[in-house]
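# A structural walkthrough
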Amino acid sequence: MPLSRRTLITAAAPLGLGGVLATTGCFSSSGNDTGTLVFATALTPAAGLSPHSEDAFLLARWAVAETVLGLDDNGLPVPRLALDWTQTEPTAWDLTLRDDVAFHDGTALDAAAAAASLNAAATAASVPRVIDGLGLTAEATGDHTLRVTTAAPDPVLPQRLSSPYLAILAPGAYQGGTVNPVGFATGPFHITESTSTGVALERNGDYWGEPAAMAGYRADYVPDAATRVAALRSGEAHVIEAVPYAQIANLEASQLQDAPTGRTVSLYLNTATGPLADPALRAAVAAAIDTAPIVDDIYEGRADAPEGLFGPALAWAADHREYTLPDARTPAGEALRIATYSNRAELPEALIVLASQLEAAGFAVETEVREYNDIEPDMLAGDFDAFLMSRSVVQDSGDAYTYLDSDFTGDGGFNASRLADPAVDQAVAAIATAAAPDMDPDAAAAARQSAVLDAEAVVLATVAVVPIAHERLVTGVAGGAANVTSDPREREIITTATTMG
């Protein structure tokens, strides 16, 4: 059913900084009058649901698209569309695919199709950050055997292959220069209708694994957080993601799922252009920031004070290394353009606090807020002096190395700080070689984790990024929905076990 006027009034959208009205969403016409689960998503498609974009996480959270490998609770690779994997050369991994998988269009999964999907990602106009710069290529070595190679040895390639960006689609998805996953994935649900307001999904009756408990459900695009919460309260949605911390008190305890997550809110500083290209002024920004009002008030105590780039959800990261910041220079009215996005309701509020603190320190501050899909290109182009972002440090591959590599190295594909520091590049590169191939798995993991913490300290010493808070994952679940996943990596929400009472 359409979103009611009552819900719209209850969920009056807040005015963003800079006079930008936060975008509201609306629900599709089918609604929930037939008992169908309705999932209100925070993201809206940016690239026609192409897995080579952030849309990949929609496909994963809907249980539509799958990858050759998955991850266990410790971030180690496990079988999915591939049954096994072996490093046969320093730069090559061989995988054996399942022989009982069909795509949603009825064609069979084979190694040629899997190789074509991986090669399409590696040669995309915008290469997914999880494999950017790897020189990844894939080839079929048999009907169901696949070889994946990289330009240089990559010890975490199996973890990378679990990324939603590398979803495996049927050949029919790659036509006319675009990627269209609708009808061409392998997951337990398939999309039957896709519109500007959301998608309808049905159970995949030919799924290779455990069949989905639900016959189908709807996912609707509702980027405004207040609208999502109002819809949960009114019964027009049964599952919502990214519950605003400020509205937690408006929901019943039974409607909330709270879990630790590897997500850190940080202020990324432009190190290449503008006043913050000066390390002394970046140090002044860091000195001016007091995170307590944000952690305690805006996040209602449901976030943790910053402990570096890696928070308490990653227990092994508790032993952070010491580092020294550059000497700060007193600001003299330098103009800073700082920005964030409206999809996460806490970020615009936090930006107001940070702007006030920076102005008190002597900067002149201009703020801007837009929806993420609209503002991301400008952020990556360096149009802002500082950008407040909520970033999962293990979302892309499950391994912190890929986050450090993509976000802070000179060749990184998601380098919002535009950092180009040889010491950082060297420290991050050292992670890849920290564990010898013949090491015991536990010793190898410990060696890599130690190298990650060493690299973290080098990054923080540049003041390219200032950690603000470590978030917790809060999902709204009501109206008879059950078995909704709270995934610390934020890849899964709806699964085969999800039910609607």
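Treat the numbers as computed from the prediction; the structure is a model and nothing was measured. (Residues numbered from 1 in each chain as written. Predicted model: local features only at pLDDT ≥ 70, side-chain atom pairs only at ≥ 80, totals over all residues. Heavy atoms only, no water.)

### Some remarks on the nonpolar core
By size, the foremost hydrophobic cluster in this structure holds 83 residues, and its most contacted members are Leu267, Phe310, Leu404 and Phe408. Leaving out residues up to four positions away in the same chain, Leu267 has contacts with Val285, Ile289, Leu354, Ala386, Phe387, Leu388, Ala464, Val465, Val466 and Ile468. Among the nonpolar cores identified, the runner-up in size contains 62 residues, and Ala121, Leu136, Val179 and Val199 belong to it. (Core = buried A, V, L, I, M, F, W, Y, C linked by side-chain atoms within 4.5 Å. Buried < 20%, exposed > 50% of the residue type's maximum accessible area, 1.4 Å probe, protein only. Contact = heavy atoms within 4.5 Å.)

### A look at a negative patch on the surface
Together, Asp296, Asp297, Glu300 and Glu349 make up a negatively charged patch on the protein surface. Since its relative accessible area comes to 35%, Glu349 is described here as partly exposed. (Patch = residues over 30% accessible without salt bridge, like charges linked within 9 Å, V, L, I, M, F, W, Y side chains within 5 Å. Areas by Shrake-Rupley, 256 points an atom, 1.4 Å probe, with all protein chains shown as cover. Salt bridge = Lys/Arg side-chain N within 4 Å of Asp/Glu carboxyl O. Lys, Arg positive; Asp, Glu negative; His and termini not counted. Charge placed at Lys NZ, Arg CZ, Asp CG, Glu CD.)

### Thoughts on helix H5 (residues 225–234)
The element H5 is extensively covered by neighbouring structure, given that eight of its ten residues are classed as buried. Turning to H5, its buried residues number three or more, namely Ala225, Ala226, Thr227, Arg228, Val229, Ala230, Ala231 and Leu232. (Helix = DSSP H or I, 4+ residues; strand = E, 2+ residues; numbered from the N terminus.)

### Details of the pairing of strand E6 (residues 137–140)
A regular strand places its side chains so that they alternate between the two faces of the sheet. Sheet topology places E6 next to strand E7 (residues 145–149); four bridges connect them, and they run antiparallel. Each residue of the ladder has a partner; that of Ala138, found in E7, is Val148. (Pairing = 2+ DSSP bridges.)

### Side note on the UniProt feature "domain: Solute-binding protein family" (unreviewed entry) in the protein
Per the UniProt entry, the sites bearing "domain: Solute-binding protein family" (unreviewed entry) are residues 77–412 in this numbering. Between the C-alpha atoms that bound residues 77–412 the distance is 23 Å, and the span itself is 23% helix and 26% strand. (UniProt positions renumbered as here; feature names shortened; annotations may be inferred.)

### Quick look at unusual backbone geometry
The backbone of Glu300 shows a phi angle near 50 degrees, a positive value even though the residue is not glycine. Structurally, Glu300 can be placed in the loop between helix H7 (292–298) and strand E15 (303–304). For Glu300, a relative accessible area of 46% corresponds to the partly exposed category. A positive phi angle is found at Asn483, which is not glycine, with a value near 60 degrees. Within the fold, Asn483 resides in the loop between strand E20 (481–482) and strand E21 (499–500). Judged by its relative accessible area of 48%, Asn483 is partly exposed.

### Quick look at the pattern of salt bridges
If you walk through the whole model with that rule in mind, you get 23 salt bridges. With its nearest N and O atoms 2.7 Å apart, the salt bridge here joins Asp154 to Arg160. Taken as a pair, Asp154 and Arg160 share a single burial class, namely buried. The residue Arg321 makes a salt bridge to Asp319 at a minimum N-O spacing of 3.6 Å.

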